[in-house]
Structures are given as structure tokens and as C-alpha cells.
Amino acid sequence: MSTPHNQAQKGEVAKVVLMPGDPLRAKYIAENFLENPVCFNTIRNMFGYTGYYKGKKVSVMGSGMGMPSIGIYSYELYSQYDVDTIIRIGSAGGYTPDLKLFDVTLIESAYSRSSFAQVQSNDPDDIQYPDEELCQTIKDCASNLNLSIKPIRIHSSDVFYCQDDSCTKDAMDHGCQAVEMESFALFHNAKVLHKKAAAICTISDSFAFEEITTPQQREQCFNDMMKIALEASIR
Ligand SMILES: O=P(O)(O)O[C@H]1O[C@H](CO)[C@@H](O)[C@H]1O
Ligand SMILES: O=c1cc[nH]c(=O)[nH]1
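What counts, and where the lines are drawn
- Residue numbers here run from 1 along each chain, matching the order of that chain's written sequence.
- Just so you know, chain letters begin at A and ligand numbers begin at 1, following the order they were written in.
- For this predicted model, a pLDDT threshold of at least 70 governs which residues receive local features, and a threshold of 80 or more governs which side-chain atom pairs are given and counted, while totals over whole chains, interfaces and linings are taken from all residues.
- UniProt positions are given in the numbering used here, feature names are shortened, and annotations may be inferred rather than shown by experiment.
- Secondary structure elements follow DSSP: runs of H or I of four or more residues count as helices, runs of E of two or more count as strands, with numbering from the N terminus.
- Here the globule rule is a power law, 2.2 Å times the number of residues to the power 0.38, and the radius of gyration is based on C-alpha atoms.
- The exposure scheme places C-beta atoms from the backbone and then counts, for each residue, the other C-beta atoms within 10 Å of its own, assigning buried at 20 or more, exposed at 12 or fewer, and partly exposed in between.
- Think of it this way: build a C-beta for each residue from its backbone, and any pair within 7 Å is a contact.
- The predictor reports its confidence for every residue as pLDDT, a score running from 0 up to 100.
- Being paired, for any two strands, means DSSP has found at least two bridges between them.
- Interaxial angles span 0 to 180 degrees and are taken between N-to-C directions of axes, which are lines fitted to C-alpha atoms, for helices over the stretch in contact.
- Angle categories are assigned with fixed cut-offs, so that under 35 degrees is roughly parallel, over 145 is roughly antiparallel, 65 to 115 is roughly perpendicular, and the rest are oblique.
- Take the far helix as your reference; a near helix turned counterclockwise from it by less than a right angle gives a left-handed crossing, and one turned clockwise gives a right-handed crossing.
- Each residue receives a C-beta atom built from its backbone; the residue is near a molecule or strand if that atom lies within 6 Å of it.
- Throughout, the ten residues Ala, Val, Leu, Ile, Met, Phe, Trp, Tyr, Cys and Pro are labelled nonpolar, Asp, Glu, Lys and Arg are labelled charged, and all others, Gly among them, are labelled polar.

Per an unreviewed UniProt entry, the recorded name for the chain is Uridine phosphorylase, and the organism is Floccifex porci. According to its UniProt record, the chain has this under Sequence similarities (unreviewed entry): "Belongs to the PNP/UDP phosphorylase family." Annotation of the chain in UniProt includes, under Catalytic activity (unreviewed entry), the sentence "uridine + phosphate = alpha-D-ribose 1-phosphate + uracil".

Have a look at this one:
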């Protein structure tokens with residue numbers, strides 16, 4: 001079997017998939033954290049790998065940027081590859097000055113003005129939620145590793161470059177502390193397919209101060225988030 005977007009055969013993908021937006025972040029994790037990683041997808045360079053972490057089978061695959069992209073990959077993983085759990089491991093822009101570069105956040109809810117949920121299943125909710133038990137596991141793993149993880153509400157935006165700050169203001173009025181582009185759709189797909197999803201994001205830049213991480217850092221330096229997600233994936 002294969003799909004138009006994923007050439008993996010059934011059984012080549014683990015029950016748990018870690019999903020960064022950047023396919024090169026997926027490659028980095030596979031090559032640096034997994035034992036015996038095998039690449040199962042190269043279509044559109046959306047690399048996917050399955051290997052072993054502490055003896056347990058784990059997959060890692062890029063989602064691409066934005067809700068249409070993660071919408072396709074996550075739907076196929078859940079519905080055609082029998083994946084139970086997807087943990088997004090993303091980057092996010094901080095809205096508030098208390099979120100510093102490299103802070104690791106746990107997404108406890110995702111607010112969006114996207115039509116993704118409405119179009120996908122007539123779901124009018126503008127807030128989507130991750131799996132509570134999985135979030136608790138992630139918090140426990142962070143604590144066991146002695147790493148800090150900040151619970152936040154994320155803004156899942158359809159637009160990276162906005163013409164003015166009205167979209168940011170609206171999101172902050174809805175309690176969002178940072179922005180990314182995928183969690184809302186991932187949580188929605190998990191909900192309609194009765195699967196599990198969570199998201200961990202590392203702060204890569206900020207609307208409150210000038211500093212910014214480089215593309216290379218976003219690919220290879222978010223190791224705390226990667227370790228927490230890997231530990232959670234085998235629990
Ligand atoms: O680093 P990733 O996981 O791609 O996440 C964030 O980075 C991209 C924008 O630069 C968007 O996909 C956003 O959600
Ligand atoms: O979507 C994103 C991700 C990181 N930083 C941003 O400003 N937006």
C-alpha cells in the first residue's frame with residue numbers, strides 16, 4: 001500500500017509518531033536519537049523514519065508547514081497506517097515576554113480562526129484540545145528529565161506574514177501566548193478519528209523582543225523538546 005503522499009507499507013510506521021514541521025528536523029532526530037533508523041518516506045522530501053528508542057519502535061516524520069499539510073499527513077497516518085499517537089514537536093513564536101528563546105512549551109489548547117475543523121467535519125469549535133492523559137505523560141517525562149515545560153494556549157495561524165497586528169491581538173485576547181501553524185488541525189484530526197495527539201513547541205522567536213533562532217538551530221538544537229517527546233513516546 002501507499003498514499004499519494006506516503007510510500008510506507010503498512011507495518012513500517014510505529015504506533016507512535018513524532019512530527020516536526022521540518023522534515024530535516026525529522027531526519028536529525030532519526031539519525032541522532034534512534035537506533036537502526038529506516039527511512040519509509042521520501043515523497044516530496046517529507047522524510048519519515050522508523051527506528052528504536054530504548055528498544056521501543058518509534059517513528060518520526062515531517063508534517064510540512066500549515067494546517068492543510070499536517071492535515072493530510074496526520075489523517076493518513078491515523079486512518080491508513082494504524083498510528084495511535086502523534087506528538088507534534090514544533091517551533092513557535094512567543095507573544096509574551098515571559099517566553100524566552102528555547103523555552104519548551106506544552107500545548108494545552110489550540111485557538112484558531114482557520115476553517116479546517118469546520119470544513120473537515122462541520123466542527124464549529126475555534127479551540128481544539130490535545131489528549132489529556134498524553135499531556136500528563138509529557139509533563140511527567142519532562143519532570144523526570146529535570147527539564148522545564150510551560151503549559152500554554154497556542155494560536156494556530158493560517159498566515160505567517162500578516163499585514164497588521166489585528167490577528168495577533170485577536171489571538172492574545174483569546175488567551176494565546178505563542179503562535180505556530182499546525183496544532184489545531186492535528187488535535188481536530190485526532191478527535192474525529194478517536195486517536196491521540198499532543199504538541200510540544202520550542203520558542204524560536206518572539207514578538208516581544210528582537211532575538212531569533214537560525215534555521216540550523218530550528219533543525220538541530222531543540223534537543224530538550226526532542227528528549228521529552230522521545231521519552232513520552234515509549235511510555
Ligand atoms: O518548526 P515547525 O514545526 O515547522 O513549526 C513552525 O514553523 C513554521 C513556520 O516557520 C510553521 O510550520 C510553524 O508551525
Ligand atoms: O508559526 C510560527 C512559528 C514560529 N514563529 C512564528 O512567528 N510563527
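A. Examining the overall build of the chain more closely. Looking only at helices and strands, one finds eight helices and 10 strands in the chain. Taken over C-alpha atoms, the radius of gyration comes to 16 Å for the chain, in line with the 18 Å a tight globule of 235 residues would show. Seen through its principal axes, the chain has C-alpha atoms that stretch 45 × 40 × 30 Å. For the chain, with 235 residues in total, the buried portion stands at 51%. Once local pairs closer than 6 in sequence are excluded, the contacts in the chain between residues at least 24 apart make up 75%.

B. Geometry of the confidence of the model for the chain. Confidence in the prediction for the chain averages 97 pLDDT; 100% of positions are at 70 or higher. If you check the scores for this complex, the pTM reads 0.97 and the ipTM reads 0.98.

C. Up close: the pairing of strand β2 (residues 35–41). Here β2 pairs with strand β3 (residues 48–53) via four bridges, running antiparallel. Residue E35 lies in a different strand from β3, and its bridge partner there is Y52. Where β2 hands over to β3, the hairpin turn is made up of six residues, of which R44 adopts a positive phi near 55°.

D. Spotlight on unusual backbone geometry. One non-glycine residue, R44, lies in the positive phi region at around 55°. Mapped onto the secondary structure, R44 falls in the loop between β2 and β3. Residue classification places R44 among the partly exposed positions, given that 13 C-beta atoms sit within 10 Å. Of note in this structure, N45 is not a glycine but carries a positive phi near 60°.

E. Expanded view of the packing of helix α4 (residues 132–144) against helix α8 (residues 223–233). The geometry of α4 relative to α8 is characterised by a closest axis approach of 9 Å and an angle of 120° between their N-to-C directions. Put simply, α4 runs oblique to α8. Judged by the sense of rotation from one axis to the other, the crossing of α4 with α8 is right-handed. Facing α4, whose interface residues are T137, I138, C141 and A142, α8 presents I228, E231 and A232.

F. Structural view of the site of ligand 1. Taken together, P20, G21, D22, M65, G90, S91, F160, E180, M181, E182 and R218 are the residues near ligand 1. Across the shell around ligand 1, the residue classes tally to four nonpolar, three polar and four charged.

G. Representation of the environment of N146 within the structure. Tracing the backbone through its elements, the reader meets N146 in the loop between α4 and β8 (150–156). By C-beta crowding, N146 is classed as exposed, having 6 other C-beta atoms within 10 Å. As a C-alpha pair, N146 and F33 span 113 residues in sequence and 19 Å in three-dimensional space.

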